[in-house]
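Here is what each chain is made of, one letter per residue.
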Amino acid sequence: MKNIGFTGVIVSKVCGFGKEREKPQEISIDVSIETDFQSVAENDDPSYGIDFRTIYTLIKTGLEGEIYTLEKAAVSIWQQLKGLNNAGKVKVTVKKVAPPFKDEIKNSWVTVEE
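Quick caveat: nothing in here was measured; it's all calculated off a predicted structure. (Residues numbered from 1 in each chain as written. Predicted model: local features only at pLDDT ≥ 70, side-chain atom pairs only at ≥ 80, totals over all residues. Heavy atoms only, no water.)

Trainee: I'd love a proper account of the side chain of Asp51, names of residues and values included.
Mentor: Mapping Asp51 onto the fold places it in the loop between helix 1 (38-43) and helix 2 (52-62). Among the polar contacts listed, one links the side chain of Asp51 to the backbone nitrogen of Arg53, at a separation of 3.0 Å. (Helix = DSSP H or I, 4+ residues; strand = E, 2+ residues; numbered from the N terminus. Polar contact = N/O pair within 3.5 Å; in protein donor to acceptor, adjacent residues only side chain to side chain.)

Trainee: Kindly report on helix 3 (residues 70-82), identifying the contributing residues and their values.
Mentor: Given a rise of 1.5 Å per residue, 13 residues ought to cover 18 Å, and the 18 Å separating the end C-alpha atoms of helix 3 matches this to within 8%. Looking only at helix 3, the buried set comprises Leu70, Ala73, Ala74, Ser76, Ile77, Trp78 and Leu81. Next to the buried residues of helix 3 lie strand 2 (25-35), helix 2, strand 3 (90-97) and strand 4 (107-113). (Expected span 1.5 Å × (residues − 1). Buried < 20%, exposed > 50% of the residue type's maximum accessible area, 1.4 Å probe, protein only. Contact = heavy atoms within 4.5 Å.)

Trainee: Run through helix 2, naming residues and quoting values.
Mentor: What helix 2 keeps buried is the set Ile55, Leu58, Ile59 and Gly62. All buried residues of helix 2 fall inside an arc of 105° around its axis, so they share one side. Near the N-terminus of helix 2, the side chain that reaches the backbone nitrogen of Arg53, with its oxygen 3.0 Å away, is that of Asp51. (Arc of directions from axis to C-beta.)

Below, the structure is given as structure tokens:
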């Protein structure tokens, strides 16, 4: 199988508890979808497989509504992408950029892969 996906989709989302809910935070999302895109390559036409615009739309859909944890965000996005025709294994990583800890931390993250 082959993989398609995105790295570093940046969204602004209220996610977390306490003071973290006062304003949106930067969330970074990586997705990888195992799929056979041979027909897309042969025809040079995304309608023969999974279209990147569809992936992006499903990422945004997975983030709709109230979300408190990165785990919920990752599972919600994973569920959206897993429903795509021709999707095999789907991997979603959601990172909170600069999480609110006493020490400087670049990211906190969660990965779902099945």
